[in-house]
Amino acid sequence: MAATCIMKQVEERHVANEIIKCVWSPKMDLVAIANIKGQVAMHRLSWQRVWVISAPGEGIKVTGLAWRPDSKILAVGYSTGEVVLVDIEDSSAIHRLNMSVEVTALSWAAHVPEEPTKEETMFTDMSDNYLPPLPSLSKTYTGGSGEEQEEGWHEGRLLRDQNCLTLLTVGTATAAIHLYAFGLFHCATVELSETVPGAGPVLDATPSHDLHLLSCLVERETGSGRELVHATVETLVLACRHQELHALARRYGQILGLMSYANHTLTLLEEAWESILLELDHKLADYARTVPEGGVAADFLELLVFGRTSSEFEVFLSNELTEKGLKKLGHSIELSYSNIQKLVLRNVQAVGQALVHQLSALMGLARCHGRFGVLGVEEESVGRAVQEAGAFVLKAVELQQVIDAAMTTFKAFLRWLYVVVQRARAESVPEDMTRGTQQDLTYIAEFLHDGLEDTPAGSSSGAQGERRPRFRLERVGQYLKDAPLSCPPESGPNPWVAFLEKHPTLANHPLIFPHHRDRSLVQELNSMAGVLESMASQPAQVISEAITVASWVPLVKVTEGTTVSVSQMSCPKDSAVYTVVLPCSGQSLLYLARWSTKPEVLVHASAGPGPAHHVEAMPFVFSRLDGARSTSQDQAPTTSILKLMGAQFYTEETLSVLAQDPNDPRTALFIQLWVVAAAGELRPLALYGGHSLAEANLTPCDAGTLVDASGFRRLEGGPLTTLAVSGSRKVALLLSENRRRVRLFEMEVDEDDEDDEDEDTAAQHESIINASGASDDQADTL
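Position numbers for residues count from 1 along each chain, tracking the sequence in the order it is written. Predicted model: local features are reported for residues with pLDDT of at least 70 only, side-chain atom pairs are reported and counted for 80 or more only, and whole-chain, interface and lining totals are derived from all residues. By convention in this description, side-chain values take in all heavy atoms of the structure and omit both hydrogens and water.

### As for the packing of helix 4 (residues 295-306) against helix 8 (residues 379-424)
At a closest axis distance of 12 Å, the pairing of helix 4 and helix 8 adopts a crossing angle of 75°. Between helix 4 and helix 8, the interaxial angle falls into the category roughly perpendicular. Two secondary-structure elements touch here, helix 4 through Phe300, Leu303 and Leu304 and helix 8 through Phe413, Trp416, Leu417 and Val420. Under the scheme applied here, ten amino acids are nonpolar (Ala, Val, Leu, Ile, Met, Phe, Trp, Tyr, Cys and Pro), four are charged (Asp, Glu, Lys and Arg), and all others, including Gly, are polar. Broken down by class, the residue content of the contact of helix 4 with helix 8 amounts to seven nonpolar, no polar and no charged. Orientation is described by lines fitted to C-alpha atoms, with helices fitted over the stretch in contact, and by angles between N-to-C directions that extend from 0 to 180 degrees. For helices the rule is a DSSP run of H or I covering at least 4 residues; for strands it is a run of E covering at least 2, with both sets numbered from the N terminus onward. Any angle from 65 to 115 degrees is called roughly perpendicular, while one under 35 is roughly parallel, one over 145 is roughly antiparallel, and all others are oblique. Contact definition: two residues touch when any of their heavy atoms are within 4.5 Å.

Here's what the structure looks like:
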């Protein structure tokens with residue numbers, strides 16, 4: 001049996017900017033393309049553009065692209081170290097990861113268990129049975145039904161329909177590899193530089209299908225230059241605890257989404273609060289500069305108690321506070337309070353309760369120490385997170401009580417102030433406005449005492465050392481600042497508080513949520529975020545210690561400034577990972593290696609003497625491709641060695657190779673090599689003394705003898721240098737030498753369709769090559 005290469009060109013286009021990366025979706029006829037300007041575009045097979053994402057900043061380059069196995073999420077890595085997870089439906093950024101250093105490699109693989117496993121009841125997420133859906137933040141003010149309930153916590157979309165554990169692998173320029181379950185939960189970091197001397201940029205890091213190993217390709221500095229090294233990282237802990245890791249990652253993903261929702265909600269709270277004091281606070285501040293410290297509060301209290309005040313204050317009331325302005329201010333404040341109240345009641349308390357539920361469920365997992373302890377889940381750290389979540393809920397309840405009291409006192413104050421201003425102007429006042437009770441006077445006095453005490457602004461409000469009076473005109477805003485409460489509410493004769501003060505041991509019980517009297521709501525959220533971050537970092541530390549570099553093998557020298565073409569594929573059928581390396585585009589030698597994923601082999605490799613380890617590999621060249629499927633009838637078959645431009649695995653069974661005929665530089669060859677046939681030529685080697693695979697004096701195998709007449713296709717119309725293929729979608733993309741001309745192919749088509757396409761190829765090539773890029777049907781601005 002041999003691989004066949006029957007392909008039909010469906011599109012050919014010019015693009016305005018040089019393409020640097022392109023990756024096909026494994027599930028849909030979509031291709032993600034990144035250009036030299038840092039843009040990422042999504043195209044269909046017909047080259048219809050779905051969307052485009054601009055570069056996040058000037059000079060920032062795209063350094064990695066990876067599809068989630070179900071093709072619903074695209075991971076984009078940047079030279080700044082940021083990895084953005086993009087929803088392909090609308091190109092929105094669902095989640096962001098920060099590596100701090102340049103991202104050099106991305107891959108996203110799904111775990112394929114050796115035996116089908118049934119999900120245990122303890123791992124089942126039954127949150128939907130107990131928690132109502134979170135209200136939509138965009139519809140909070142309008143009382144919407146919450147149809148977009150996940151708008152505020154985008155991370156939750158990453159877990160939707162994820163029944164199989166997936167692992168996002170991020171390689172960096174400093175030889176570090178970070179592993180993220182579902183692209184959310186940081187479960188391990190592998191520092192190759194601790195084992196591989198001089199290790200530098202990671203070119204590829206591919207997990208095996210069974211999670212037994214991580215197959216890594218990394219460049220390293222040697223005394224004689226740079227060389228490419230393969231490192232086998234043993235990750236048996238992930239394979240043995242994949243069910244536990246799946247459950248833990250899902251819980252953490254839910255918590256991360258809820259924290260995103262909470263942060264978004266507090267942002268809306270701050271926006272609603274900022275509109276409350278715009279007019280009255282500014283006017284009072286201006287007047288306060290003309291009187292001694294505390295003068296404003298004294299003038300208001302004097303007016304309330306004695307019915308008269310200073311002439312300066314009467315002038316201020318009659319000139320600065322108009323009837324229309326007071327009514328407008330009262331309406332806007334009431335509306336703002338109403339919006340804040342809705343957010344606190346519907347959103348803040350709901351997300352707080354959901355966080356307590358998810359963390360309590362995580363506590364249940366932590367108590368199964370025999371299963372989750374090996375993953376670094378500690379009951380003590382989870383318990384602290386539960387306590388912080390409970391404190392956040394209590395602070396939200398306290399804020400709701402403060403809002404109710406503030407609305408009552410502020411309404412009473414505005415009503416009294418309206419009457420005072422009207423009388424100061426010698427205008428009539430409606431009789432119903434002048435009526436007041438002793439309770440109203442109490443509310444007004446409380447408001448004046450608590451809200452009109454001027455406080456120093458300090459250096460944040462002006463120059464260093466400047467003291468400018470400002471007013472705590474209402475008591476809600478203090479909860480929305482990252483600072484202690486300036487006016488904590490009085491607890492009064494609360495029997496529960498008195499009981500806990502009398503029994504401090506009970507107050508410290510894990511089931512009793514603490515109440516931090518002086519903390520604001522923002523401080524409670526930040527404190528909880530810090531505890532959660534500490535809790536989430538523990539599994540990565542513990543798992544990283546259990547992961548080891550089993551072996552590393554020098555492969556080949558690489559020239560500074562050249563692009564090394566690498567591709568890896570995990571094959572469950574062979575219990576192995578295959579690696580293909582093309583050290584430099586345009587040379588004739590290609591290396592194929594195989595790495596076993598069997599646990600016993602990994603254990604044996606870990607016990608090897610230093611950097612001397614076994615490898616199954618063979619260098620290949622391509623020649624004697626007779627019976628060429630050429631469009632030119634008089635094309636003579638060639639026996640010279642082909643120049644290899646790129647190689648990528650098409651499927652587990654097929655390797656696609658792009659080559660160039662040295663006898664005809666304008667002709668490229670697309671070759672489909674059957675991996676089983678090539679694997680039969682691999683030889684077991686033992687490399688000692690730091691020698692590389694290229695120095696093993698192996699005679700290259702002629703892969704041309706493994707390819708028959710139907711296994712390759714001669715492509716005319718100019719040199720091609722880059723390929724991107726997908727066997728699951730049966731498509732291929734080829735780039736021209738200048739990386740601005742794109743040719744799209746359907747693979748495995750009927751031979752009749754291929755013959756029809758060949759008749760039009762020459763004319764299409766001529767028009768495309770001569771195109772200047774000015775026509776819309778010939779050029780595309782990515």
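There's plenty left to go through after this.
### Focus: the confidence of the model for the protein chain
With 83% of its residues at a pLDDT of at least 70, the protein chain reaches an overall mean of 83. The predictor's confidence in any single residue is recorded as pLDDT, a number from 0 to 100. Within the protein chain, no element has a lower average pLDDT than strand 18 (residues 469-471), which sits at 49, and none a higher one than strand 6 (residues 62-67), at 97. Scored below 50 in pLDDT, residues 627-638 makes 27 contacts in the model with residues more than four places away or belonging to other chains.

### Brief notes about the packing of aromatic side chains
Ring pairs are drawn from Phe, Tyr and Trp, using the six-membered ring of Trp, whenever the two centres fall within 6.5 Å, and their geometry is named by plane angle: stacked under 30 degrees, edge-to-face over 60, tilted for the rest. In the structure shown here, the tally under the stated rule is three aromatic pairs. Plain terms: the ring middles of Trp496 and Phe499 are 5.9 Å apart, the flat faces sit at 25° to each other, and that makes the pair stacked. One end of the pair is Trp496 and the other is Phe499, both in helix 11 (residues 495-502) and three residues apart, which spans about a single turn. With a 1.4 Å probe rolled over the protein chains alone, any residue whose accessible area is under 20% of its type maximum counts as buried; one over 50% counts as exposed, and the rest are partly exposed. Taking the relative accessible area as the measure of exposure, Trp496 reaches 47% and is therefore partly exposed.

### Remarks on the packing of helix 2 (residues 242-274) against helix 13 (residues 521-546)
Direction vectors running N to C along helix 2 and helix 13 enclose 160°, while the axes themselves pass 11 Å from each other. Comparing the axis directions of helix 2 and helix 13 gives the class roughly antiparallel. Seen along the crossing, helix 2 lies across helix 13 with a hand that is left-handed. Residues Leu248, Tyr252, Ile255, Met259, Ala262, Asn263, Leu266, Leu269 and Glu270 of helix 2 lie in contact with helix 13, whose contacting residues are Leu521, Val522, Leu525, Met528, Ala529, Leu532, Ala536 and Pro539. Taken together, the residues that form the contact of helix 2 with helix 13 break down as 15 nonpolar, one polar and one charged. Left-handed describes a crossing whose near helix is turned anticlockwise from the far helix by less than a right angle; the clockwise case is right-handed.

### Regarding a nonpolar patch on the surface
Patch membership is restricted to residues that have no salt bridge and whose relative accessible area is over 30%. Joining uses 9 Å for like charges and 5 Å for the nonpolar side chains Val, Leu, Ile, Met, Phe, Trp and Tyr. Each accessible area value is a Shrake-Rupley result obtained with a 1.4 Å probe; residue values ignore everything except the protein chains displayed when judging cover. Any Lys or Arg side-chain nitrogen found within 4 Å of a carboxyl oxygen on Asp or Glu counts as a salt bridge. A cluster of nonpolar side chains, namely Trp496, Phe499 and Leu506, defines an oily patch on the protein surface of about 280 Å² accessible area. Along the chain, the position of Leu506 falls in helix 12 (residues 504-507).

### So, unusual backbone geometry
Most peptide bonds take the trans configuration, and most residues that are not glycine carry a negative phi. Non-glycine residue Ala175 carries a positive phi angle of around 65°. Tracing the backbone through its elements, the reader meets Ala175 in the loop between strand 11 (166-172) and strand 12 (176-181). A positive phi angle, close to 60°, is found at Phe182, a residue other than glycine. Tracing the backbone shows Phe182 in the loop between strand 12 and strand 13 (185-191). Residue classification places Phe182 among the buried positions, given a relative accessible area of 1%.

### Side note on the sheet that holds strand 3 (residues 30-35)
In this description, strands pair whenever DSSP reports at least two bridges between them. Strand order in the open sheet formed by four strands is 2-3-4-5, with antiparallel pairing between adjacent strands. Each end of this open sheet is capped by a strand with a single partner; those strands are strand 2 (19-24) and strand 5 (49-53). Across the sheet, the mean angle from the axis of one strand to that of its neighbour is 20°, orientation sign disregarded. As paired strands, strand 2 and strand 3 are joined by five bridges and run antiparallel to one another. Bridge pairing in strand 3 places Trp24 opposite Val31.

### Points about the environment of Pro430
Tracing the backbone shows Pro430 in the loop between helix 8 and helix 9 (431-434). The class of Pro430 is partly exposed, set by a relative accessible area of 36%. Once the C-alpha coordinates of Pro430 and Val419 are considered, the two residues, 11 residues apart in sequence, prove to be 8.7 Å apart.

### Topic: the sheet that holds strand 29 (residues 712-715)
Spatially, the four strands line up as an open sheet ordered 24-25-26-29, and their pairing is antiparallel. Pairing within the sheet leaves two strands with one partner each, and these edge strands are strand 24 (643-649) and strand 29. Direction aside, the axes of adjacent strands within the sheet are offset by 20° on average. Sheet analysis places strand 24 next to strand 25 (residues 654-660), joined by six bridges and oriented antiparallel. Residue Gly646 lies in a different strand from strand 25, and its bridge partner there is Leu658.

### Description of empty space enclosed by the protein
Which parts of space are left empty comes out when a probe the size of a water molecule is rolled across the atoms. A pocket here means an open set of points on a 1 Å grid, computed over the protein atoms alone, that has protein on both sides within 12 Å along at least five of seven lines. A cavity is instead a set of points where a 1.4 Å probe fits but cannot get out; residues with an atom within 4 Å of a point line either one. Grid points are joined across faces, edges and corners, and a volume is the space filled by probe spheres set on the points. Evaluated as defined, the whole model comprises seven cavities of 30 Å³ or more. Size it by volume and the largest cavity reaches roughly 80 Å³. As for the largest cavity, its lining consists of Phe185, Leu248, Arg251, Tyr252, Leu362, Val377, Met535, Ala536 and Pro539. Listing elements by their share of the lining of the largest cavity, those giving two or more residues are helix 2 and helix 13. Residues belonging to the lining of the largest cavity are distributed by class as follows: eight nonpolar, no polar and one charged.

### Some points on the pairing of strand 25
Of all seven residues making up strand 25, seven are buried, and the element is well covered by its neighbours. Burial along strand 25 is two-sided: the face carrying Thr654, Ser656, Leu658 and Gln660 and the face carrying Leu655, Val657 and Ala659 are both buried. As paired strands, strand 25 and strand 26 (residues 668-674) are joined by seven bridges and run antiparallel to one another. Opposite Leu658, over in strand 26, you have Phe670 as the bridge partner.

### Remarks on the side chain of Gln400
For Gln400, the location among the structural elements is in helix 8. Contact partners of Gln400, with chain neighbours within four places excluded, come to Gln341, Val344, Leu345 and Gln349.

### Topic: the pattern of salt bridges
It is possible for side chains bearing opposite charge to pair when their charged atoms get close. Under the criterion given, the structure shown has 22 salt bridges. The shortest N-O distance in the salt bridge between Asp29 and Arg729 comes to 3.0 Å. Here the residue Asp29 occupies a position in the loop between strand 2 and strand 3, and Arg729 occupies one in the loop between strand 30 (720-726) and strand 31 (731-736), the gap between them amounting to 700 residues. The partly exposed category is assigned to Arg729, whose relative accessible area is 29%. Two residues, Lys730 and Glu748, come together in a salt bridge whose shortest N-O distance is 3.9 Å. Here Lys730 is found in the loop between strand 30 and strand 31, whereas its partner Glu748 is found in the loop between strand 32 (741-747) and helix 16 (751-769), with 18 residues between them in sequence. Given a relative accessible area of 39%, Lys730 falls into the partly exposed group. The class of Glu748 is partly exposed, set by a relative accessible area of 44%.

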